Amino acid sequence: MKTSYLQQDLQALEGLGGYRSLKTLDSPQGKEIILDNKRVLNFSSNDYLGLANDARIKRAAIEAIEEYGFGTGASRLICGNMSPHDKFEADLAQFKNTENALVYSSGYMANTGIISALMDRHGVVLSDRLNHASIIDGIILSRAKLLRYPHADMQALREILKKLPVTGRKLIVTDTVFSMDGDRAPLKEIVDLASRYEAMVMVDEAHAFGVLGKRGSGLVEELALEGRADIQMGTLSKAAGCFGAYVCGTKILREYLINKSRSFIYTTAMPPALCQAARAALQIILKADQLRRNLQQNSDYLRAKLQAMGFDWMNSSSAIIPVLVKDSLQAVEMSKRLLKKGIFVQAIRPPTVPAGTARLRLTVTATHTQEDLDRLLNAFKIM
Ligand SMILES: *Cc1c(COP(=O)(O)O)cnc(C)c1O
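Residues numbered from 1 in each chain as written. Predicted model: local features only at pLDDT ≥ 70, side-chain atom pairs only at ≥ 80, totals over all residues. Heavy atoms only, no water.

Asks: Describe a nonpolar patch on the surface, listing the residues and the values that go with them.
Replies: On the surface, Leu 10, Leu 13 and Tyr 19 cluster together into a nonpolar patch covering about 250 Å² of accessible area. On the accessibility criterion, Leu 13 (37% relative accessible area) is partly exposed. (Patch = residues over 30% accessible without salt bridge, like charges linked within 9 Å, V, L, I, M, F, W, Y side chains within 5 Å. Areas by Shrake-Rupley, 256 points an atom, 1.4 Å probe, with all protein chains shown as cover. Salt bridge = Lys/Arg side-chain N within 4 Å of Asp/Glu carboxyl O. Buried < 20%, exposed > 50% of the residue type's maximum accessible area, 1.4 Å probe, protein only.)

Next comes the structure, spelled out in structure tokens:
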């Protein structure tokens, strides 16, 4: 049968502990969810500030639906561009302190669409080994040469840059907070190397937007590197509790992407309600100092306790706290045992992470209480 390989491949995956299936929520996203009909404490979402079910954001979306309807009916370049899109982009540019901003329907589409527009087959992209899959896919789509450097290894990055021809398009791209390890890119060193070797820098702030920096705009702000990262991308789907993504940079970058970026051009404009919801989220994020402090305290507390219990959380310095298990089947087994105790921590396995580094990916939010954290730690005691 011409389709028999489908089942064979799935069985092979299952044997390696790599088979994936969907779980279903019957509640809003939050620190407590109803998962497959059971109420559980959730340590798996990226809803770092607890905004996914925020009343102010919901209200903004509902009001926008009343005013503009739901769908947009066309791509932005045809007739789907509505004033909430323009207003949101103006807000974002101001928030990120850049000349301009452009929204995409998702982070995945932003990364594939930005990189494939900016680079061509003569270009070279230097990419951290642990960058998000959407970045890799963008590079593949661009046909540029992909040079992966070992994770956060600045010596290696320098060596690669040194050997490249002086002319030609060069792009260094990095997550600012790595999605599966929870550590940070050495961004100051990266922009310094980029200046020296005349490479562009693109940052993916997916897990830093809303969380890092005084105003919550990301690692670029926290390290005072504004103006030194050419392309600042991020998602609205994590700490902002919404959906969609953005890229911030110069006016000319925005014009270029509007004209050349296929995942921007050939897709329907995002619903205006999303733009209005995200505008409300921006206002909340600007004043979310207390939430960010809670998040930091919760993360520090968990790391300290887990360390005392002998768990390896790698180099985590964010709300993403990996608990290294190594073996895929064992990671899945641990996740199942935690779930039996009413605690949801997703197991992450290759190919999402490198072979032999399967882990439980714990994510903590600003809304978890001391009691929640202690319940989690107690459940970990029997591992
Ligand atoms: C989640 C994520 C994305 C994709 O963003 P979506 O809006 O969910 O499509 C891109 N980059 C990184 C680093 C991410 O963690």
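Asks: Requested: an account of the side chain of Asn 298, with residues and values cited.
Replies: Mapped onto the fold, Asn 298 is located in helix α13 (residues 289-308). The exposure class assigned to Asn 298 is buried, which follows from its relative accessible area of 10%. A distance of 2.9 Å separates the side chain of Asn 298 from the backbone oxygen of Thr 365, its partner in a polar contact. Among residues more than four places away in sequence, those in contact with Asn 298 are Val 364, Thr 365, Ala 366, His 368 and Leu 373. (Helix = DSSP H or I, 4+ residues; strand = E, 2+ residues; numbered from the N terminus. Polar contact = N/O pair within 3.5 Å; in protein donor to acceptor, adjacent residues only side chain to side chain. Contact = heavy atoms within 4.5 Å.)

Asks: Provide a residue-level description of the site of the ligand, including the pertinent values.
Replies: Surrounding the ligand, one finds 14 residues, the nearest of these being Gly 107, Tyr 108, Asp 204, His 207 and Lys 238. Within the side chain of His 207, a nitrogen or oxygen atom sits 2.6 Å from an oxygen atom of the ligand. In the model, an oxygen atom of the ligand is placed 2.6 Å from a nitrogen or oxygen of the Lys 238 side chain. Taken by itself the ligand offers 370 Å² of open surface, and the protein chains cover 86% of this. Broken down by element, the residue count for the shell around the ligand peaks at 3 residues, all from helix α5 (residues 107-118). Considering only residue class, the shell around the ligand consists of 2 nonpolar, 9 polar and 3 charged. (Near = heavy atom within 4 Å. Nonpolar A, V, L, I, M, F, W, Y, C, P; charged D, E, K, R; others polar.)

Asks: How would you explain helix α12 (residues 272-286) if you had to name every residue and give the values?
Replies: Given a rise of 1.5 Å per residue, 15 residues ought to cover 21 Å, and the 21 Å separating the end C-alpha atoms of α12 matches this to within 8%. Extensive coverage of α12 is indicated by the burial of 11 of its 15 residues. Those residues of α12 that fall on the buried side of the exposure criterion are Pro 272, Ala 273, Leu 274, Cys 275, Ala 277, Ala 278, Ala 280, Ala 281, Leu 282, Ile 284 and Ile 285. Summarising the contacts, the buried residues of α12 are in contact with α2 (55-68), α4 (83-96) and α13. (Expected span 1.5 Å × (residues − 1).)

Asks: Can you explain unusual backbone geometry? Please cite residues and give values.
Replies: Of note, the amide linkage connecting Pro 350 to Pro 351 takes the cis form, showing an omega dihedral of 10°. With respect to the element layout, Pro 351 can be found in the loop between β12 (346-348) and β13 (358-363). Despite not being glycine, Asn 97 shows a phi value in the positive range, around 60°. Following the sequence through the fold, Asn 97 ends up in the loop between α4 and β3 (100-104). Phi is positive for Arg 143, close to 65°, though the residue is something other than glycine. Along the chain, the position of Arg 143 falls in the loop between α6 (133-142) and β5 (145-149). By relative accessible area, which is 55% here, Arg 143 ends up exposed.

Asks: I'd like a description of the sheet that holds strand β2 (residues 38-42), backed by residues and values.
Replies: Pairing is mixed in the open sheet, where 3 strands are placed in the order β1-β2-β11. Looking at strand neighbours, the two that pair on one side only are β1 (32-35) and β11 (343-344), the edges of this open sheet. Here β1 pairs with β2 via 4 bridges, running antiparallel. If you follow Leu 35 over to β2, its bridge partner there is Lys 38. (Pairing = 2+ DSSP bridges.)

Asks: Residue-level account of the packing of aromatic side chains, with values.
Replies: To describe a pair of aromatic rings, one takes the distance between the centres and the angle between the planes. Under the counting rule described, the total for this entry stands at 4 aromatic pairs. Between the aromatic rings of Phe 95 and Phe 209, the centroid separation amounts to 5.7 Å while the plane-to-plane angle is 85°, which identifies the pairing as edge-to-face. Separated by 114 residues along the polypeptide, Phe 95 in helix α4 and Phe 209 in the loop between β7 (200-204) and α9 (219-222) bring together distant segments of the chain. You'll find Phe 95 and Phe 209 in the same group, each marked buried. A ring pair is formed by Tyr 104 and Phe 264, whose centres lie 6.0 Å apart and whose planes are at 70°; its orientation type is edge-to-face. (Phe/Tyr/Trp six-rings, centres within 6.5 Å; stacked < 30°, edge-to-face > 60°.)

Asks: Go over the sheet that holds β13, please, and point to the residues and values.
Replies: With respect to topology, 3 strands assemble into an open sheet ordered β10-β13-β12, the strand pairing being antiparallel. Where the open sheet ends on each side, the last strands, each with one partner, are β10 (320-326) and β12. Between one strand axis and the next, the sheet turns by 30° as a mean value, whatever way the strands run. Across 3 bridges, β12 lies against β13 in antiparallel orientation. In the strand pairing of β13, Ala 347 is matched with Leu 360. α13 contacts β10 and β13 of the sheet and is inclined by roughly 25° relative to β10. (Axes fitted to C-alpha atoms, helices over the stretch in contact; angles between N-to-C directions.)

Asks: Give me the lowdown on helix α14 (residues 328-340), citing residues and values where you can.
Replies: Here α14 contains 13 residues, and its C-alpha end-to-end distance of 19 Å stays within 8% of the 18 Å for a straight helix at 1.5 Å per residue. Those residues of α14 not exposed but buried are Ser 328, Ala 331, Val 332, Met 334, Ser 335 and Leu 338. Buried residues in α14, looked at end-on, bunch into an arc of 160°, giving them a common side. Across from the buried face of α14, at angles greater than 90 degrees, the exposed residues are Lys 336 and Lys 340. As for α14, its buried residues are in contact with β10, β11, β12, β13 and α15 (370-381). (Arc of directions from axis to C-beta.)

Asks: If you had to explain the domain arrangement of the protein chain to someone new, which residues and values would you point to?
Replies: Partitioning the protein chain into domains gives domain 1 (16-49 + 289-380) and domain 2 (55-286). Each of domain 1 and domain 2 was reduced to a C-alpha centroid, and the two centroids are 26 Å apart. Listed by partner, the interface residues are 20 residues for domain 1 and 22 residues for domain 2. Across the domain 1/domain 2 interface, buried area totals approximately 1600 Å², and carbon plus sulfur atoms make up 52% of it. Linking domain 1 to domain 2 there are 2 salt bridges. Close ionic contact of Arg 359 with Asp 181 constitutes a salt bridge, the shortest N to O distance being 2.6 Å. Scanning the region where domain 1 abuts domain 2 turns up 11 residue pairs in polar contact (both at pLDDT 80 or more). When residues in the side of domain 1 that touches domain 2 are grouped by element, the largest group, 3 residues, is from α13. Per-class residue counts for the side of domain 1 that touches domain 2 are 9 nonpolar, 6 polar and 5 charged. (Domains from an automatic or database assignment. Buried area = accessible area lost by both parts, 1.4 Å probe.)

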